[in-house]
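# Coordinate inspection notes
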Amino acid sequence: MLKAVMVSMALALAGLSGAAIAADSARGSAIYETRCIACHASSVHQRSARKAQSFDGVRAQVLRWSTEVGGTWNGDEIDDVSVYLNQRYYRFPCPQGLCKGEQASLSR
């Protein structure tokens, strides 16, 4: 019986996609503070001529710079940093299922 429960749980977890699990902005903050802050002061996100004009634009910039500095980030890390930056600086509507709390209510 225990084996059947464990197999069921494993199958259920395996069926969850990354999009079904909200990104972790705390993890995004830690990644950003560790890997990005050396080149980015907070003013880069607050300037009036920002390249990102939507959540997708924020994610595109995170992906771009991940690639520029070596491309070692996986999709979850890119989502986590994107959600962190969006919550901290941009406040664009966040895609359904990616953001938690207030940001999720701003979904398109």
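Details of the structure are given in the entry above.
Presented here is an overview of the structure given in this document. Remember, it's a predicted structure, so these values are computed and weren't measured experimentally.

### So, the packing of aromatic side chains
One pass over the full model with this rule turns up two aromatic pairs. Centre to centre, the rings of Y32 and Y84 are 5.8 Å apart; their planes meet at 45 degrees, and the pair counts as tilted. Residue Y32 is located in helix 2 (residues 25–35), and its partner Y84 is located in helix 5 (residues 75–90); the two are separated by 52 residues in the primary sequence. Take Y84: its relative accessible area is 11%, and that puts it in the buried class. Between the aromatic rings of Y90 and F92, the centroid separation amounts to 5.8 Å while the plane-to-plane angle is 15 degrees, which identifies the pairing as stacked. Like Y90, the residue F92 is buried in the burial classification.

### Structural notes on the pattern of salt bridges
Close approach of charged atoms allows side chains with opposite charge to pair. A full pass over the atoms with the stated rule returns three salt bridges. Across the pair R59 and D79 runs a salt bridge, and its minimum N-O distance is 2.7 Å. Here R59 is found in helix 4 (residues 55–68), whereas its partner D79 is found in helix 5, with 20 residues between them in sequence. Residue R59 is classed as partly exposed on the basis of its relative accessible area of 26%. Judged by its relative accessible area of 12%, D79 falls in the buried class.

The rules we used
Residues numbered from 1 in each chain as written. Predicted model: local features only at pLDDT ≥ 70, side-chain atom pairs only at ≥ 80, totals over all residues. Heavy atoms only, no water. Phe/Tyr/Trp six-rings, centres within 6.5 Å; stacked < 30°, edge-to-face > 60°. Helix = DSSP H or I, 4+ residues; strand = E, 2+ residues; numbered from the N terminus. Buried < 20%, exposed > 50% of the residue type's maximum accessible area, 1.4 Å probe, protein only. Salt bridge = Lys/Arg side-chain N within 4 Å of Asp/Glu carboxyl O.

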